There are 6 protein chains.
Amino acid sequence: MTDARPLLPLVSDAEADPRAQAVFDDIRAVRKTDRVNNFWRALANDPDGLERTWAEVKAVMGEGALDPLVKELVYIAVSVTNGCEYCIRSHSAAARAKGLDDAGLAELFAVIALANKTNALVTGLRPPVDEAFR
Amino acid sequence: MTDARPLLPLVSDAEADPRAQAVFDDIRAVRKTDRVNNFWRALANDPDGLERTWAEVKAVMGEGALDPLVKELVYIAVSVTNGCEYCIRSHSAAARAKGLDDAGLAELFAVIALANKTNALVTGLRPPVDEAFR
Amino acid sequence: MTDARPLLPLVSDAEADPRAQAVFDDIRAVRKTDRVNNFWRALANDPDGLERTWAEVKAVMGEGALDPLVKELVYIAVSVTNGCEYCIRSHSAAARAKGLDDAGLAELFAVIALANKTNALVTGLRPPVDEAFR
Amino acid sequence: MTDARPLLPLVSDAEADPRAQAVFDDIRAVRKTDRVNNFWRALANDPDGLERTWAEVKAVMGEGALDPLVKELVYIAVSVTNGCEYCIRSHSAAARAKGLDDAGLAELFAVIALANKTNALVTGLRPPVDEAFR
Amino acid sequence: MTDARPLLPLVSDAEADPRAQAVFDDIRAVRKTDRVNNFWRALANDPDGLERTWAEVKAVMGEGALDPLVKELVYIAVSVTNGCEYCIRSHSAAARAKGLDDAGLAELFAVIALANKTNALVTGLRPPVDEAFR
Amino acid sequence: MTDARPLLPLVSDAEADPRAQAVFDDIRAVRKTDRVNNFWRALANDPDGLERTWAEVKAVMGEGALDPLVKELVYIAVSVTNGCEYCIRSHSAAARAKGLDDAGLAELFAVIALANKTNALVTGLRPPVDEAFR
């Protein structure tokens with residue numbers, strides 16, 4: 001059922017539009033790595049979208065009211081619920097880099113699974129929203 | 001499109017099966033409240049399911065490798081992605097009771113929204129999983 | 001958040017295109033009732049779609065390799081997973097008319113909830129498909 | 001896009017925590033087989049979750065108000081709607097072991113497909129819930 | 001099951017942070033209207049997110065390789081598949097303002113419904129990707 | 001996690017039921033090609049479903065109030081949101097055959113991604129539907 005090829009080509013550094021190249025450079029600088037992940041290389045087919053999405057990731061995923069590791073866990077929860085394999089793998093790697101271990105990951109999956117279970121129970125049973133939640 | 005009635009009746013204390021009554025009592029004791037939320041009253045139509053789900057909530061959502069507030073945020077992320085209104089409202093109330101404020105909730109939604117956006121980009125563009133994530 | 005008005009008007013018998021009127025008549029004859037549900041009246045804005053969908057419902061949901069009540073349970077499982085309230089309510093009513101009682105409905109929701117839970121566990125943990133399933 | 005490795009390691013019998021080992025033994029006894037599926041081996045990274053989930057599967061999926069084969073069909077319907085390949089393959093194998101043949105499986109998919117189609121029609125058209133469903 | 005109150009308060013012009021006020025003014029100027037929709041007023045609890053999202057909407061939804069009306073239809077397709085009522089209603093209104101009539105909307109729903117149906121068939125049947133699609 | 005085998009066998013021309021063979025012939029005639037895609041060969045296990053679905057595709061996806069290319073874009077939007085790889089690949093190929101280029105595809109994904117993002121924001125924030133959308 002699966003095909004390893006991306007739907008749009010991965011853009012190499014040599015092929016990249018100057019704006020895409022600038023984003024690649026910033027990714028390397030911010031993440032202190034030589035590597036630019038395949039997601040960004042696929043998105044580089046749309047330099048506007050690449051610039052916008054990288055700026056959004058920097059603004060949203062950094063330190064704020066919530067801790068960056070917590071944000072990775074939230075990201076994984078969404079990605080599991082949507083069934084996005086690449087997203088689960090890339091953000092699990094990011095969460096591990098920020099300190100999550102196997103026990104934490106297993107516990108995270110237990111919470112995600114319970115939430116999907118009770119979401120289904122609520123959607124079927126349709127209890128009215130309690131006054132106390134308002 | 002909407003109808004306020006639950007699909008199965010909310011079970012009152014008087015109508016509850018003895019096992020359901022014991023769960024209601026434990027909910028009141030653990031949560032230090034007189035109130036039993038409508039979700040549990042709807043689930044009480046299935047006393048086995050009620051016992052099992054309440055035990056699972058106590059085991060999974062408490063202190064562990066992850067903080068209980070973090071678990072509420074993960075729960076909300078799943079519930080938003082699944083579109084479960086009752087779940088969003090009840091776990092937002094639980095997260096607020098554990099210290100989340102308006103700024104934290106707004107930031108949480110920004111992370112959930114970004115994850116749903118990039119999940120869609122990845123699912124469309126289909127970049128291969130990077131070696132580095134393995 | 002909710003608005004009770006349909007997105008396209010419900011089509012009355014008087015307003016119905018002759019093909020839509022013929023479908024309404026067939027629904028009444030097959031179901032032995034005077035009532036045509038709001039779903040069919042909304043779909044009647046597209047007489048081709050109404051004819052095609054009613055024919056499909058008659059062909060797919062009747063007796064076959066699977067029992068009609070079993071098909072209603074499958075329908076409810078899809079509708080809960082997609083979060084479609086109208087669909088849950090209409091097919092729960094259909095399942096009750098075919099003999100499902102409160103205990104059966106509660107048990108159905110327990111299966112749907114467990115499946116949503118283990119789907120999430122599998123999607124996160126990503127075990128390889130066992131040889132034995134092939 | 002796909003990677004055959006699980007996100008957490010599959011736990012062998014030798015590596016299993018004693019509680020996980022006990023669950024593996026019970027799976028073998030109940031299912032009258034030497035094989036423990038990869039799902040359970042992946043879940044064994046969380047022995048609490050493994051115990052709880054196996055107990056839930058035994059309680060929910062056995063004989064009750066609904067027939068065990070019917071429950072497998074409901075499980076497949078949820079798994080197709082969520083797009084969980086492992087779940088579709090494992091529960092199709094389970095349904096075949098309980099008597100489902102190719103014709104039954106093809107008919108099941110036709111019901112699941114129709115439900116997903118009409119769910120979308122209802123979600124777009126938004127007909128109000130009929131009084132008769134209440 | 002439903003509650004009309006937003007999860008975070010709608011921000012009035014008087015309460016808006018200066019950056020949010022600037023976005024509100026730009027929305028009014030670009031859309032040639034006095035009205036600022038509730039979505040933007042809810043998002044104004046996060047002025048950064050409001051600025052970013054409004055800039056993204058302007059960049060993505062305008063004239064480009066694809067026509068603005070076509071983009072509204074794509075938006076509705078996503079929103080129906082995700083079950084987002086507000087999104088379906090607001091973008092149906094936007095599509096009507098760009099020229100979509102009842103017949104076009106009914107036809108759009110037929111395409112969305114067919115896609116959801118065949119997505120389910122493919123997900124269940126799991127045909128391998130044809131060489132010709134590569 | 002993935003397995004290349006279909007869940008039901010692909011039906012060859014020689015194995016096809018006469019009704020399935022007639023559909024295969026019509027697909028070849030309408031599409032002016034010798035090739036019958038794997039989706040149709042998998043669906044041929046259910047000749048009724050094959051006839052019905054092919055007739056529906058011909059009726060819904062052709063010229064009408066909406067342009068056939070626009071319908072392909074809508075189809076892709078649904079398929080990305082549901083995470084159906086085969087569907088994304090087959091309808092991207094169809095859209096390219098109708099004139100979509102890389103820039104159009106990249107722009108399409110930007111719209112789909114934005115819609116998934118704002119769907120999540122709306123589902124979390126729950127703004128009430130504006131009077132103006134009614």
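Since the model is a prediction, treat every value here as computed from it, not as a measurement.

All names here are of chain A. Segmentation of chain A into domains returns domain 1 (7-61) and domain 2 (64-126). Listed as interface residues are five residues of domain 1 and, on the opposing side, five residues of domain 2. Taken over both partners, the interface formed by domain 1 and domain 2 buries close to 430 Å², and the fraction arising from carbon and sulfur atoms is 60%. The three residues of domain 1 that bury the most area against domain 2 are Phe 39, Val 60 and Met 61, which together make up 81% of that side's buried surface. Our count for the contact surface shared by domain 1 and domain 2 stands at zero salt bridges. Across the domain 1-domain 2 interface, the total number found is two residue pairs in polar contact (both at pLDDT 80 or more). Those elements that place two or more of their residues in the side of domain 1 that touches domain 2 are helix H2 (38-43) and helix H3 (47-61). Counted by class, the side of domain 1 that touches domain 2 contains three nonpolar, two polar and no charged residues.

Of the two same-sequence chains, chain A is brought onto chain C (RMSD 0.0 Å, axial shift 0.0 Å) by a rotation of 180 degrees. Such values leave the two copies arranged in the relation of a two-fold axis. Nearest to the rotation axis, the C-alpha of Lys 117 of chain A is located 2.3 Å from it, this being the minimum over chain A. Mapped onto chain C, 100% of the interface residues of chain A again fall at the interface, so both copies present the same surface.

Now for the pattern of salt bridges. Counted by the stated rule, this structure contains 85 salt bridges over all chains. Salt-bridge contacts for Asp 17 of chain C lead to Arg 19 of chain C; the nearest nitrogen and oxygen are separated by 3.8 Å. Accessibility expressed as a relative area gives 34% for Arg 19 of chain C, which makes it partly exposed. As a salt-bridge pair, Arg 96 of chain D and Asp 102 of chain D come within 2.8 Å of each other at their nearest N and O atoms. The class for Arg 96 of chain D is partly exposed, based on a relative accessible area of 34%. Through salt bridges with shared partners, one network takes in Asp 13, Asp 25, Arg 28 and Arg 41 of chain A.

What follows deals with the state of the cysteines. All names here are of chain C. On inspection of all chains with the given rule, the structure shows six disulfides over all chains. Between the sulfur of Cys 84 and that of Cys 87 lies a disulfide, 2.1 Å long from S to S. Taking the sign of the torsion about the S-S bond as the criterion, the disulfide between Cys 84 and Cys 87, at about 50 degrees, is right-handed. Of the residues examined, Cys 87 reaches a relative accessible area of 2% and is grouped as buried.

Rotating chain A by 180 degrees about the axis while translating it 0.0 Å along that axis superimposes it on chain B, leaving an RMSD of 0.0 Å. Mapped onto chain B, 100% of the interface residues of chain A are again interface residues, and the two copies thus contact each other with one and the same surface.

With that settled, consider helix H6 (residues 102-125) of chain B. Taking 1.5 Å of rise per residue, 24 residues should cover 34 Å, and H6 of chain B covers 35 Å from first to last C-alpha, within 8% of that figure. Counted residue by residue, H6 of chain B has 22 buried out of 24 residues, so it is predominantly covered.

Turning our eyes to something else, we now look at the interface of chain A and chain C. Counting from both sides, the interface comprises 16 residues of chain A and, opposite them, 16 residues of chain C. Buried area between chain A and chain C, summed over both chains or domains, comes out near 1,400 Å², and the portion from carbon and sulfur atoms is 76%. Among the ionic pairs, Arg 126 of chain A bridges to Glu 85 of chain C, the shortest N-O distance being 3.7 Å. Scanning the region where chain A abuts chain C turns up zero residue pairs in polar contact (both at pLDDT 80 or more). Looking at the side of chain A that touches chain C residue by residue, the classes come out as eight nonpolar, four polar and four charged.

Let us now look at the packing of H3 of chain A against H6 of chain B. Running from amino to carboxyl end, H3 of chain A crosses H6 of chain B at an angle of 150 degrees, the nearest separation of the two axes being 10 Å. H3 of chain A and H6 of chain B meet at a crossing whose hand is left-handed. Between H3 of chain A, through Thr 53, Glu 56, Val 57, Val 60 and Met 61 of chain A, and H6 of chain B, the contact on the second element is made entirely by Ala 110, Val 111, Leu 114, Lys 117, Thr 118 and Leu 121 of chain B. Its residues placed into classes, the contact of H3 of chain A with H6 of chain B shows seven nonpolar, two polar and two charged.

Here we take up the interface of chain A and chain B. The extent of an interface is frequently quoted as the accessible surface area lost upon association of the parts. Between chain A and chain B, the residue contacts involve 63 residues of the former and 63 residues of the latter. Contact between chain A and chain B buries roughly 5,700 Å² in total, counting both sides, with carbon and sulfur atoms accounting for 72%. It is Leu 114, Leu 125 and Phe 133 of chain A that lose the most area in chain A upon contact with chain B, and together they represent 12% of the buried surface on that side. Put simply, chain A and chain B have four salt bridges between them. Where Glu 56 of chain B meets Lys 117 of chain A, a salt bridge forms, and the shortest distance between an N and an O atom there is 2.7 Å. The set of elements that each furnish at least two residues to the side of chain A that touches chain B consists of H2, H3, helix H4 (68-82), helix H5 (85-97) and helix H6 (102-125) of chain A. In terms of residues, the side of chain A that touches chain B owes the most to one element, H6 of chain A, which gives 18 residues. Of the residues that constitute the side of chain A that touches chain B, the class distribution is 39 nonpolar, 14 polar and ten charged.

Rules used in this analysis
- Residues numbered from 1 in each chain as written.
- Chains lettered and ligands numbered in written order.
- Predicted model: local features only at pLDDT ≥ 70, side-chain atom pairs only at ≥ 80, totals over all residues.
- Heavy atoms only, no water.
- Domains from an automatic or database assignment.
- Contact = heavy atoms within 4.5 Å.
- Buried area = accessible area lost by both parts, 1.4 Å probe.
- Salt bridge = Lys/Arg side-chain N within 4 Å of Asp/Glu carboxyl O.
- Polar contact = N/O pair within 3.5 Å; in protein donor to acceptor, adjacent residues only side chain to side chain.
- Helix = DSSP H or I, 4+ residues; strand = E, 2+ residues; numbered from the N terminus.
- Nonpolar A, V, L, I, M, F, W, Y, C, P; charged D, E, K, R; others polar.
- Least-squares fit on C-alpha atoms with pLDDT ≥ 70 in both.
- Buried < 20%, exposed > 50% of the residue type's maximum accessible area, 1.4 Å probe, protein only.
- Disulfide = S-S within 2.5 Å.
- Expected span 1.5 Å × (residues − 1).
- Axes fitted to C-alpha atoms, helices over the stretch in contact; angles between N-to-C directions.
- Left-handed = near helix turned anticlockwise from the far one by under 90°.

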